[in-house]
Amino acid sequence: MTIKRVTFISLIMLLLFLLAGCNGDKNRVRGDLQDPVEDTEAYVFYLNRENTGIRSQVYKGAMDVDSLADALASQPQDTTLKNVLGEVVSIESKTLSSGALVLDFSKEYKELDPVVEVLFR
């Protein structure tokens, strides 16, 4: 085989390999949460009691924005953890646009300790 033929075949194989990874459902790839999806597993992150770290717990249920926001605000089953919103910060509004979720928090968010704020994010 000539070098041109080997190069051509290699390029075709590379192109086929790259196209095989494409997914037709682009909204699900980006995590579009407008339509609830049942029986999907996700993780909700909680602060430890000392506000020095975070840990995840499995969340199973509806994957719509309201359900996930409620899970974020709920108390975890593990008593060594607490929710990241705490008792003072609340979610004022939720906007889902083009696969990006924007959460607006209450003004108390700006008053958080810098370490807690980083863990909160």
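Quick caveat: nothing in here was measured; it's all calculated off a predicted structure.

Asks: Help me understand the overall build of the chain in this model?
Replies: Scanning the chain from terminus to terminus reveals 4 helices and 5 strands. Ordering the α and β elements of the chain from the N terminus gives α-α-β-β-α-β-β-β-α. Within the chain, the fraction of its 121 residues that count as buried is 23%. Looking at the chain alone, contacts between residues at least 24 apart form 41% of all its contacts between residues at least 6 apart. Accessible surface computed for the chain: about 9000 Å², of which carbon and sulfur atoms make up 56%.

Asks: Could you clarify how one ought to interpret helix 3 (residues 65-73) in this entry?
Replies: Residues of helix 3 that are buried: Val65, Ala69 and Ala71. All buried residues of helix 3 fall inside an arc of 160 degrees around its axis, so they share one side.

Asks: Would you mind showing me how to read a nonpolar patch on the surface here?
Replies: Where nonpolar side chains cluster on the molecular surface, the patch consists of Phe8, Ile9, Ile12 and Met13 and spans about 400 Å² of accessible area. You can see isoleucine 12 is positioned in helix 1 (residues 3-20).

Asks: Just checking my understanding: could you explain the pairing of strand 4 (residues 91-97) for this structure?
Replies: Where a strand is regular, its side chains alternate between the two sheet faces. Pairing between strand 4 and strand 5 (residues 100-105): 6 bridges, direction antiparallel. In the sheet register, leucine 96 faces strand 5, and the bridge partner there is leucine 101. In this structure, the hairpin formed by strand 4 and strand 5 is closed by a connection of 2 residues, where serine 98 is found at a positive phi of approximately 55 degrees.

About the cut-offs
Residues numbered from 1 in each chain as written. Predicted model: local features only at pLDDT ≥ 70, side-chain atom pairs only at ≥ 80, totals over all residues. Heavy atoms only, no water. Helix = DSSP H or I, 4+ residues; strand = E, 2+ residues; numbered from the N terminus. Buried < 20%, exposed > 50% of the residue type's maximum accessible area, 1.4 Å probe, protein only. Contact = heavy atoms within 4.5 Å. Areas by Shrake-Rupley, 256 points an atom, 1.4 Å probe, with all protein chains shown as cover. Arc of directions from axis to C-beta. Patch = residues over 30% accessible without salt bridge, like charges linked within 9 Å, V, L, I, M, F, W, Y side chains within 5 Å. Salt bridge = Lys/Arg side-chain N within 4 Å of Asp/Glu carboxyl O. Pairing = 2+ DSSP bridges.

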